[in-house]
Amino acid sequence: MRFASLHRAALLAAALFAAGCGEKPAGKAPAPRDALSIKPNAELAARLKIAAPAFVEVSESLRVPARVEADETRLARVGSPVTGRITDMQAREGDVVQRGQVLATINSTELSAAQLGYLKA
């Protein structure tokens with residue numbers, strides 16, 4: 001009995017769906033909208049320059065005001081407690097490094113002099 005009522009409900013739903021799929025009433029159909037065209041407002045239209053396409057010479061470079069900055073969220077400051085010259089680089093730009101990893105070797109005359117003074121004392 002329950003199956004029969006579900007079957008009738010399904011048939012009724014299918015009939016209603018089929019009736020709704022008929023032809024649309026006659027009338028003016030809306031014009032298809034072009035996704036690539038826009039209608040600018042008056043303020044924007046006053047600033048736009050519209051011209052026919054033409055071949056023009058293009059310069060090799062374009063100069064525009066800009067500023068290039070490092071991503072502060074991915075920046076780490078690396079420093080040394082002593083002054084000196086870097087004699088060996090263990091890591092290069094773009095390498096993934098771990099905390100405590102040796103990145104460079106520094107030759108410091110300041111540190112050498114301090115160590116020598118400590119050993120003499």
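About the criteria used
- Residues numbered from 1 in each chain as written.
- Predicted model: local features only at pLDDT ≥ 70, side-chain atom pairs only at ≥ 80, totals over all residues.
- Heavy atoms only, no water.
- Helix = DSSP H or I, 4+ residues; strand = E, 2+ residues; numbered from the N terminus.
- Buried < 20%, exposed > 50% of the residue type's maximum accessible area, 1.4 Å probe, protein only.
- Contact = heavy atoms within 4.5 Å.
- Areas by Shrake-Rupley, 256 points an atom, 1.4 Å probe, with all protein chains shown as cover.
- Patch = residues over 30% accessible without salt bridge, like charges linked within 9 Å, V, L, I, M, F, W, Y side chains within 5 Å.
- Salt bridge = Lys/Arg side-chain N within 4 Å of Asp/Glu carboxyl O.
- Pairing = 2+ DSSP bridges.
- Polar contact = N/O pair within 3.5 Å; in protein donor to acceptor, adjacent residues only side chain to side chain.
- pLDDT = per-residue confidence, 0-100.

## Details of the overall build of the protein
The helix and strand tally for the protein stands at three helices and two strands. Every one of the 121 residues in the protein was classed for burial, and the buried ones make up 2%. Contacts spanning at least 24 positions in sequence make up 23% of the contacts within the protein whose residues lie at least 6 apart. Accessible area of the protein: about 13100 Å², with a carbon and sulfur share of 59%.

## Quick notes on a nonpolar patch on the surface
Taken together, the side chains of Leu44, Leu48 and Ile50 define a hydrophobic patch exposed on the protein surface, amounting to about 300 Å² of accessible area. Its place among the elements puts leucine 48 in the loop between helix H2 (42–47) and strand E1 (85–89).

## Overview of the environment of glutamine 90
Mapped onto the fold, glutamine 90 is located in the loop between E1 and strand E2 (104–107). Placed 14 residues apart in sequence, glutamine 90 and alanine 104 show a C-alpha to C-alpha distance of 5.3 Å. Sequence-distant contacts of glutamine 90, that is, excluding residues within four places in its chain, are made with Val102, Leu103 and Ala104.

## Brief notes about the pairing of E1
A regular strand places its side chains on the two faces of the sheet in alternate fashion. When you tally the buried positions in E1, you get zero out of five residues, a small fraction of the element. Where E1 and E2 come together, four bridges link them in antiparallel fashion. By the bridge assignment, aspartate 88 is partnered in E2 with threonine 105.

## What to know about the environment of threonine 83
Relative to the assigned elements, threonine 83 resides in the loop between H2 and E1. C-alpha separation for the pair threonine 83 and leucine 111, spaced 28 residues apart in sequence, amounts to 8.1 Å. Apart from the residues lying within four places of it in its own chain, the contact partners of threonine 83 are Ser108 and Glu110. A polar side-chain atom of threonine 83 sits 3.1 Å from a polar atom in the side chain of glutamate 110.

## Quick look at the side chain of serine 108
Looking at where serine 108 falls in the secondary structure, it is placed in the loop between E2 and helix H3 (109–120). Residue class for serine 108 comes out buried when judged on its relative accessible area of 4%. Here threonine 83 takes part through its backbone oxygen, which lies 2.6 Å from a polar atom of the side chain of serine 108. Excluding residues within four positions of it along the chain, serine 108 makes contact with Val82, Thr83 and Gly84.

## Some thoughts on the confidence of the model for the protein
Overall, the predicted model of the protein reaches an average pLDDT of 78, with 72% of residues at or above 70. Across the protein, E1 holds the top mean pLDDT of 91, while helix H1 (residues 2–20) sits lowest at 60.

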